[in-house]
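Spelled out from the first residue to the last, the chains are:
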Amino acid sequence: MKIKNLLVMSAVLACGLTLASCDQPSTSTGGNNSTPSNGGTTTTEVQVGIGYAHTFAESRGDYQLGLTTAFVAFEADGTIADCRLDVVQVNVNTNEAKDGLVLKNSGVKVDEAGSVKSKLELGKDYAMAGSSAIGKEVDYQIEFFADWTVGQTIEEVKAKVDPSKGHGVAHHEELEGECTISCGDFVTAIEAAYANRTGETYEFVEGAQAGIGMVSGLAYGEKTWEISVNVGGVLSAEGKVVAAAMDEIVFPVKVEGEALVGDTSSKYLTNGVLKSKKVLGDAYAMAGTSPIGAEWDAQAEALEAAVIGLTSAEIKALKTGEGDLEGACTMTIYSYVSALAKANDYAPLEQVGPQA
């Protein structure tokens with residue numbers, strides 16, 4: 001499905017500054033991403049961001065966090081220059097023997113690191129095509145919708161796919177026969193990515209592809225159980241990162257009677273609004289205990305800058321307190337670099353999951 005022709009960041013290392021974000025120009029309107037007529041030398045400036053939407057509800061006896069994520073590059077006027085979407089569904093339930101919660105996973109739904117596989121990673125193993133009215137698997141439909149948004153503004157996308165109609169089920173003629181799944185959360189995540197975009201702008205040339213990777217887990221936090229999803233988004237060219245964004249979404253869970261509910265006493269969840277670590281900013285309140293006095297978002301930005309120009313193997317080899325991270329990032333980064341490396345691996349692929 002990755003049919004777009006995107007842009008690679010110009011090699012710029014001057015005055016000690018490393019550019020940490022970039023993407024491709026819009027060369028078409030939605031769904032028709034063609035090569036620039038000048039042979040691929042068109043450049044534009046973009047900003048990148050990660051956004052998300054969530055649900056938490058009982059599902060077949062378990063409780064499921066559904067997290068829709070978007071990694072998007074925007075031109076100055078808000079036009080979507082590139083977009084990658086994905087969805088992960090993390091199931092939890094009580095475990096009386098361990099006096100707590102346990103991740104409920106099975107078989108192909110867990111990768112080698114113990115993280116729940118996303119819908120893109122599952123591919124045909126998600127097994128939706130047989131019940132789909134158009135006979136297309138969920139990863140295909142997600143990728144089609146992401147590609148279709150390129151060249152449009154958020155307002156244009158919303159005008160064609162109104163989340164208030166049929167729970168956001170794709171209904172525009174440009175999506176007919178290719179995407180019929182509910183896409184209201186896609187629009188919400190893209191809007192959030194715009195709100196969370198980087199302040200910097202970056203110049204590109206043809207060649208880059210967007211990728212997104214997620215690493216999930218469950219642990220006991222300060223006061224409650226927390227489902228965490230580490231998200232990495234990159235633009236990649238020839239196997240190397242040319243732009244990067246990362247975030248961590250934490251959903252707090254508590255037992256209420258016989259049910260599991262979101263813990264609204266947590267800093268992450270207020271009035272139904274879920275705030276990621278990057279969105280919390282100073283309110284995350286890590287700087288006071290950090291050996292370098294740096295907040296989470298500042299350390300994340302240092303890691304984003306450090307992965308520019310690296311391959312997936314080099315990303316995984318990064319260590320806190322060394323190289324570009326010395327004095328800038330001391331937090332545990334295993335899950336973050338895993339998510340960023342995943343994103344870099346997936347960027348050039350037409351479809352991420354196992355194919356027929």
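Each chain carries its own residue numbering, running from 1 in the written order of its sequence. In view of the model being predicted, local features appear only for residues whose pLDDT reaches at least 70, and side-chain atom pairs are presented and counted only at 80 or more, with totals across whole chains, interfaces and linings using the full set of residues. As a convention, hydrogens and water are excluded, and side-chain values are obtained from all of the structure's heavy atoms.

(A) Quick look at the sheet that holds strand E9 (residues 209-220). Between any two strands, pairing holds if DSSP finds at least two bridges. For the purposes of this entry, the term helix denotes a DSSP run of H or I that reaches at least four residues, the term strand denotes a run of E that reaches at least two, and both are numbered from the N terminus. Spatially, E9-E10-E11-E12 is the arrangement adopted by the 4 strands of the open sheet, whose pairing is antiparallel. Each having just a single partner strand, E9 and strand E12 (259-262) make up the two edges of the open sheet. Recorded for the sheet is a direction-independent mean angle of 25 degrees between the axes of neighbouring strands. With 13 bridges connecting them, strand E10 (residues 225-237) and strand E11 (residues 240-256) associate as antiparallel partners. Bridge assignment links valine 234 to a residue of E11, and that residue is alanine 244. Here, two residues are considered to be in contact whenever any of their heavy atoms come within 4.5 Å of each other. Note on geometry: axes are C-alpha line fits, over the in-contact stretch for helices, and angles between N-to-C directions span 0 to 180 degrees. Against the sheet, helix H8 (residues 334-346) touches E9, E10 and E11, its axis set at about 40 degrees to E10.

(B) Region of interest: the packing of helix H2 (residues 138-149) against helix H4 (residues 184-195). Close contact between H2 and H4 brings their axes to 12 Å; oriented N to C, the two are set at 45 degrees. If you check the angle between H2 and H4, you find them oblique. Crossing handedness for the pair H2 and H4: right-handed. Residues Ile142, Phe145 and Thr149 of H2 form the contact with H4, whose own contacting residues are Phe186, Val187 and Ile190. Of the residues contributing to the contact of H2 with H4, the split by class is 5 nonpolar, 1 polar and no charged. The scheme is simple: roughly parallel for angles under 35 degrees, roughly antiparallel for over 145, roughly perpendicular for 65 to 115, oblique for anything else. In this scheme, a crossing is called left-handed if the near helix is turned counterclockwise away from the far one by less than a right angle; it is called right-handed if the turn is clockwise. Think of it as three bins: nonpolar holds Ala, Val, Leu, Ile, Met, Phe, Trp, Tyr, Cys and Pro, charged holds Asp, Glu, Lys and Arg, and polar takes everything else, Gly as well.

(C) Here's a closer look at the nonpolar core. To define a nonpolar core, start from buried Ala, Val, Leu, Ile, Met, Phe, Trp, Tyr and Cys residues and group those joined through side-chain atoms within 4.5 Å. Burial classes follow relative accessibility: with a 1.4 Å probe on protein chains only, a residue under 20% of its type's maximum area counts as buried, one over 50% as exposed, and anything between as partly exposed. If you look at the biggest cluster of nonpolar residues, it comprises 60 residues, and the most contacted ones within it are Phe56, Leu303, Met331 and Ile333. By residue number, the principal contributor to this core is E11, which donates 10 residues. Discounting residues that sit within four places of it in the chain, phenylalanine 56 has contacts with Tyr63, Gln64, Leu65, Val92, Ile227, Phe251, Val253, Leu260, Val261 and Gly262. Val72, Ile142, Phe186 and Tyr346 belong to the second-largest nonpolar core, a separate cluster that totals 29 residues.

(D) Main features of the pairing of strand E5 (residues 62-75). Where burial is concerned, most of E5 is hidden: 14 out of the 14 residues are buried. Across the two faces of E5 the burial is the same, with Asp62, Gln64, Gly66, Thr68, Ala70, Val72 and Phe74 and Tyr63, Leu65, Leu67, Thr69, Phe71, Ala73 and Glu75 all buried. When strand E4 (residues 45-59) meets E5, the two strands line up antiparallel, connected through 14 bridges. Across the sheet, the residue bridging to threonine 55 is glycine 66, located in E5. The turn joining E4 and E5, which pair antiparallel and follow one another in sequence, is formed by 2 residues; a positive phi near 55 degrees is taken by arginine 60.

(E) Local environment of the packing of aromatic side chains. Ring pairs shown here join Phe, Tyr and Trp side chains whose ring centres sit within 6.5 Å, with only the six-membered ring taken for Trp; geometry is labelled stacked below 30 degrees between planes, edge-to-face above 60, and tilted in between. Per the counting criterion, the structure on display carries 9 aromatic pairs. Where phenylalanine 56 meets tyrosine 63, the ring centres are 6.1 Å apart and the plane angle is 25 degrees; that geometry is what we call stacked. As far as burial versus exposure is concerned, phenylalanine 56 and tyrosine 63 are alike and both buried. With centroids separated by 6.4 Å and ring planes inclined at 45 degrees, the aromatic side chains of tyrosine 268 and tyrosine 284 adopt a geometry described as tilted. Note that tyrosine 268 is positioned in the loop between E12 and strand E13 (269-270) and tyrosine 284 in the loop between helix H5 (277-280) and helix H6 (296-306), a separation of 16 residues in sequence. Tyrosine 284 carries the same exposure label as tyrosine 268, and that label is buried.

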